[in-house]
Structures are given as structure tokens and as C-alpha cells.
Amino acid sequence: MLLNQAVVEDRFLRNAEHKTSVDEECIIKIDGMTLDVSKWARAHPGGRRILQKFHGKDATRAFRAVGHSDAARAMLEDFCMRSSSPRRSKTSSAASSIRSPPAITWWVKKLFTKEDPWGLHKSLGLFSLGHFAYRFFLLIFDDDQSAGFGGTASNGSASNGSVCMAPVLCLVPHALLSLSSLRFHLEKERVVGKPMIWQEFRAHNIIFGMRSIICSTMAWLSIYNDHQSTWRNTAVYTSCFSVIASCWAADWATQILRHNPLESTTATMPYWEGCNSKTQYIFKYIYAFAQFAATMTCMLVSNPAWPLAVLLPIQGASFLMTLVRKGIISAYSYHVPIWRLFCWWQRWAFVMSSLAFCRGNMQGVQIWL
């Protein structure tokens, strides 16, 4: 009964989990220091399971192989099990003896992991960022409503004379980027304290990312065939089906991967320290609106640029969460300056679609006739 009452409450009023301790004892050794991390295990960026795996063992080699930051090394002394004041000096000197690697080495270890030895995922990510920047430039500064996908003339009419295969082929690396993320190990349980990527969120981003790619491809296909009735209907039906199927797939992924039934992917997102409940409520409202706008944008089949604009915050969220997990940016940097920009671009693209319709571009309404 209590569980049902908690689940049906206002989702915007839910809070992130704050319990960082685990019930089982978790004691590890690093460079001769005995560390009790039981009270912090669930806040470990690598997940609590990796700490519990080394319970009662020496984790020095694994600790150094990851390439932890100076802040992580400074935390070691906080977890040291001390019996007297003389031991404090010993543990302090031991902690200081673990020197940080050079800045370049640290960045390399953080960004190039053993799970992606050839840098395939990183290369796809760099291409995707460049592709987003190129389409954004065409959309804003070149006054091209289709962002280079072709088919939109200055008077709002459609023509396939300027349509080629290259733009739609540029969507393939985006799909491979989402799918290649499956090679990275993530915990099923959400890390407490900061917005770090976990299995359920990754599954949702893959599903909704593929939805945007499919809808953008269908819109391009309709333009490529000059919006002929058969192709236009095929594009509309396929896009609508992909939107419905993505919602079903996301629910299915949640049933399998959600660790805590009281959690939500965005409503219980951790925020930075000191963020008050009112500010969190505003952010949650913005995220909810962004999700609604993304769904509606994917169903506007007339312009491939609109579903592509939705793809940026989807793939950008995973990228930023990964940077938080690796200690490169903070929770504040995720929510405020960068992520708000991504959400702004998505809402901007949605508004631009409405303005295009008001200027007389009837392509958006013909798909429903």
C-alpha cells in the first residue's frame, strides 16, 4: 500500500536517492592502507559492486590502472581505519605517496578505456558532434530549413532536385554511436549523488535515439521521392509506428533494468549540492516538456532536420553523464550551462517548425490528410 502511494504521487516531487552506504561490510586495501568504504560504496562512480568485489583484498593495482584524480586520492585518508593518532601520520604519508599521473596521461586513461581499445566509439562521437555543428550552421546561418537535407526552397515549396544520399548516410554513424555504447560496462543500480549514466538510461537513449534516426530518414525519403502519396504515407506510418514502438520498448527496458521501482530516469535525477527543491522542480518541468516536444517533433515528417535536432540532447545526455562519471565535469555543469543549451536547441527547433508552418509551408499538415 505504501509503495503504491509513493509511486502515484506527483513525479516532479520525487527526490533522488541519498543513501550512500551498503548493508554489507566493504573493506579494501590500497597501498598498505586499510579503507572502510561501506558508508560510501553506492556513491562510487564505478558502482558499488566493484568495491565489494575487492572486499578483504588489495585493490592497489586496480586503483592505479583506472587513473584516479587528485580528488579521489585525497579521499583515501577519509576512509582509513585508524586506531590511534600515530597511525594517522602513517596513513597520511601513504596517501600522499600515491602520485597522480601527468595531466595528459590522466585524460588518455579517462577517455580511452580497455573496453574501446581502438577508439571506435570516440571516433563515432567526434563525427556526430561535427555533424550536429554542420547541420546547425546550415539551419541558422545559411537559412536552410532542411539543414542541408534538401527539398526546401526559399518559398517553402518542396523539390527533390537538391536531394542527395550523403545527408541520410551521415545518420549511420549516429546509429552506430548509440549501439556501440553497449560494449561499455555499466551498473544496473544508479550511482547515488551525481547524474551518471546507468543501464536503464543507456537503454532509453538508444531506443529514443534510434527513433529520431528512423523519423529523420523517413522524412528524407519522402522528400527524395518528391512527397509522392505512396512515399509520404509510408513515411508517416513508419514514423508514427516508431514513436509508439519506442515508448513500448522504453517501458519494457524499464521493467527489466530498473533497480528501484520508486525511481524515474529524470524525476529522481541527482542535482548539485545546494540545489533547492524549487530549482529542481523547474528543471524537471523543462525535462518533461522536452520529452513531449521530442515526441511531437518526430511525428512532423515533412523536415528531416527536426528529428535530428531531437537527437542532439539524447546523445548529448549520455556523453555528459559519462564525463560526470569520469570526474571531468560536475553535476552543475551537466544540468545548467551545457544541458540547458541542448534543451534550448530542441525547443528552438520545435518553435521553428511552427514558424515554418505559419509562413505557408503546408507540408506539415498534408501528412495528416
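As shown above, the structure is provided for reference.
I will try to describe carefully the structure that is included in this document. (Residues numbered from 1 in each chain as written. Predicted model: local features only at pLDDT ≥ 70, side-chain atom pairs only at ≥ 80, totals over all residues. Heavy atoms only, no water.)

Our focus in this paragraph is the overall build of the protein chain. Scanning the protein chain from N- to C-terminus turns up 15 helices and two strands. Within the span of the protein chain, comprising 369 residues, buried residues form 47% of the whole. Expressed as a percentage of contacts within the protein chain between residues at least 6 apart in sequence, the contacts between residues at least 24 apart total 74%. As presented, the protein chain carries roughly 19300 Å² of accessible surface, and 63% of it is formed by carbon and sulfur atoms. (Helix = DSSP H or I, 4+ residues; strand = E, 2+ residues; numbered from the N terminus. Buried < 20%, exposed > 50% of the residue type's maximum accessible area, 1.4 Å probe, protein only. Contact = heavy atoms within 4.5 Å. Areas by Shrake-Rupley, 256 points an atom, 1.4 Å probe, with all protein chains shown as cover.)

What follows covers the nonpolar core. The biggest cluster of nonpolar side chains holds 21 residues, and the ones touching the most others in it are L171 and L308. Those elements that place two or more of their residues in this core are α10 (199-224), α11 (229-257) and α13 (305-325). One finds L186, M269, Y287 and M321 within the second-largest nonpolar core, a separate group that totals 19 residues. (Core = buried A, V, L, I, M, F, W, Y, C linked by side-chain atoms within 4.5 Å.)

Considering all chains together, one arrives at six salt bridges under this definition. Ionic pairing is found between E189 and R42, a salt bridge with its closest N-O pair at 2.7 Å. With E189 in the loop between α9 (172-180) and α10 and R42 in the loop between β2 (33-36) and α2 (48-53), this pair connects stretches of sequence that are 147 residues apart. Residue E189 shares its accessibility class with R42, and that shared class is buried. E187 is the partner of R49 in a salt bridge, and the nearest nitrogen-oxygen pair spans 3.4 Å. Placement of R49 in helix α2 and of E187 in the loop between α9 and α10 is noted, with a sequence separation of 138 residues between them. With a relative accessible area of 11%, E187 lands in the buried category. When salt bridges with common partners are traced through the structure, they connect R42, R48 and E189 into a single cluster. (Salt bridge = Lys/Arg side-chain N within 4 Å of Asp/Glu carboxyl O.)

This brings us to unusual backbone geometry. Negative phi values dominate among residues other than glycine, just as trans dominates among peptide bonds. With phi around 50°, D31 is a residue other than glycine that occupies positive phi space. Residue classification places D31 among the partly exposed residues on the basis of a relative accessible area of 24%.

Here we come to the environment of M33. Mapped onto the secondary structure, M33 falls in strand β2. Sequence separation of M33 and C80 is 47 residues, and the distance between their C-alpha atoms is 6.5 Å.

The next thing to look at is α10. Spanning 26 residues, α10 covers 37 Å between terminal C-alpha atoms, matching the ideal 38 Å at 1.5 Å per step. Of all the 26 residues making up α10, 20 are buried; the element is thus mostly covered by neighbouring parts of the structure. Two residues or fewer after α10 comes D226, characterised by a positive phi angle close to 60°. (Expected span 1.5 Å × (residues − 1).)

When you line up the elements, H259 lands in the loop between α11 and α12 (277-298). In this structure the C-alpha to C-alpha distance between H259 and E200, which are 59 residues apart in sequence, comes to 8.8 Å. Look past the residues within four positions of H259 in its chain and what remains in contact with it is R48, K188 and E189.

What follows concerns the pairing of strand β1 (residues 27-30). Across a regular strand the side chains alternate sides, sitting on one face of the sheet and then on the other. Where β1 meets β2, four bridges bridge the pair, whose relative direction is antiparallel. Note that in β2 the partner of I28 across the bridge is L35. Remark: two residues form the turn of the hairpin made by β1 and β2, two consecutive strands paired antiparallel; D31 in that turn has positive phi of roughly 50°. (Pairing = 2+ DSSP bridges.)

Before going further, it helps to examine the packing of aromatic side chains. Tallying each qualifying case throughout the model produces ten aromatic pairs. Both rings, one in F137 and one in F141, keep their centres 5.4 Å apart while their planes meet at 35°; by these two values the pair is tilted. F137 gets classed as partly exposed once you look at its relative accessible area, which sits at 45%. The interplanar angle of 50° and the centroid separation of 6.1 Å between the aromatic rings of F283 and Y287 together place this pair among those described as tilted. Highlighted residues: F283 and Y287, both in helix α12, separated by four residues, approximately one helical turn. Exposure remark for Y287: the relative accessible area of 6% places this residue in the buried category. Taken together, the aromatic side chains of Y271, W272, F283, Y287 and Y332 make up a single cluster linked through ring pairs. Taking the ring centre of F149 as reference, the NZ or CZ of R135 above it sits at 4.8 Å. (Phe/Tyr/Trp six-rings, centres within 6.5 Å; stacked < 30°, edge-to-face > 60°. Lys NZ or Arg CZ within 6 Å of the ring centre and 35° of its normal.)

Here we come to the packing of α12 against α13. Viewed as axis vectors pointing N to C, α12 and α13 meet at an angle of 150°, and their least axial separation amounts to 8 Å. Viewed along their axes, α12 and α13 adopt a mutual orientation that is roughly antiparallel. As for how α12 packs across α13, the hand of that crossing is left-handed. Across the interface between the two elements, A294, T297 and C298 of α12 pack against W306, P307 and V310 of α13. (Axes fitted to C-alpha atoms, helices over the stretch in contact; angles between N-to-C directions. Parallel < 35°, antiparallel > 145°, perpendicular 65-115°, else oblique. Left-handed = near helix turned anticlockwise from the far one by under 90°.)

A cluster of nonpolar side chains, namely M165, L169, V172, L176 and Y224, defines an oily patch on the protein surface of about 450 Å² accessible area. Looking at where V172 falls in the secondary structure, it is placed in helix α9. Overall, the relative accessible area of 43% leaves V172 in the partly exposed class. (Patch = residues over 30% accessible without salt bridge, like charges linked within 9 Å, V, L, I, M, F, W, Y side chains within 5 Å.)

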